[in-house]
Amino acid sequence: MTEQPSSESNRDPFADKWDAYLTQVEGDAASVLVNLAFADGQAPGGGAWLHQWALPMRDPGPRGLGTVKEAQGFEAVETEVTQRLSDAGFVPVGRERCAGHWKLSYYAETER
């Protein structure tokens, strides 16, 4: 299990229950980081909405997972996005790197 590299604004029980693994998504190599607080299938607040954003990588590398340089550059973006969304009431669910895209997922109690 790994800890999410994020700001202190994340609220328990969501801040430190993360795991990462490699898999395939639709035939493409994928790196997944998932918030294990949702392992039981329950979203926070009951009927929450899942929001996802897919951002294209500048340097996806040969497998589409991104290079070390790509990851270092995107880490600051992901940290800032997570901070701002957490401040607005979103809860981070996970991240997928696959096919040249970073996909970030968050729960919120309303559709936005």
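Our subject is the structure that appears above.
Nothing here was measured: the structure is a model prediction, and the numbers come from that model.

Digging into the sheet that holds strand β3 (residues 49–56)
Link 1 in the chain: With antiparallel pairing, five strands are arranged side by side in an open sheet as β1-β2-β4-β5-β3. This sheet does not close on itself; its edge strands, each paired only once, are β1 (18–25) and β3. Pairwise comparison of adjacent strand axes, ignoring direction, gives a mean angle of 20° for this sheet.
Link 2 in the chain: Summarising the sheet, β3 and strand β5 (residues 101–108) pair through eight bridges and their orientation is antiparallel. The partner of L50 across the bridge, within β5, is Y107.
Link 3 in the chain: Its contacts with the sheet place helix α1 (residues 68–87) against β3, β4 (91–98) and β5, and it is angled at close to 15° to β5.

Examining α1
Residue pairs spaced three or four apart in an α-helix point in one direction, given the helix's 3.6 residues per turn.
Link 1 in the chain: For α1, built from 20 residues, the straight-helix expectation of 28 Å at 1.5 Å per residue is met to within 8% by its first-to-last C-alpha distance of 29 Å.
Link 2 in the chain: The sharpest bend along α1 comes to roughly 30°, located at F74.
Link 3 in the chain: Every buried residue of α1 is accounted for by E70, F74, E78, T82, L85 and S86.
Link 4 in the chain: Count one or two residues on from α1 and you reach G89, which has phi positive near 95°.

About the thresholds
- Residue numbers run consecutively from 1 along every chain, following the written order of its sequence.
- With pLDDT at 70 or above as the cut-off, local features in this predicted model cover only qualifying residues; side-chain atom pairs require 80 or more to be listed or tallied, and sums for whole chains, interfaces and linings still use all residues.
- Here the side-chain values reflect all heavy atoms present in the structure, with hydrogen atoms and water set aside.
- Whether two strands pair comes down to DSSP finding at least two bridges between them.
- Numbering of helices and strands runs from the N terminus, with a helix taken as a DSSP run of H or I at least four residues long and a strand as a DSSP run of E at least two residues long.
- Fitted lines through C-alpha atoms give the axes, limited to the stretch in contact for helices. The angle between two N-to-C directions lies from 0 to 180 degrees.
- The contact rule is simple, with two residues in contact once any of their heavy atoms fall within 4.5 Å.
- Expected span of a helix: the number of residues minus one, times 1.5 Å.
- Fitting axes to the seven residues that end at a residue and to the seven that start at it, the angle between those axes gives the bend at that residue.
- Exposure categories follow from relative accessible area, calculated using a 1.4 Å probe and restricted to protein chains: below 20% of the type maximum is buried, above 50% is exposed, and the middle band is partly exposed.

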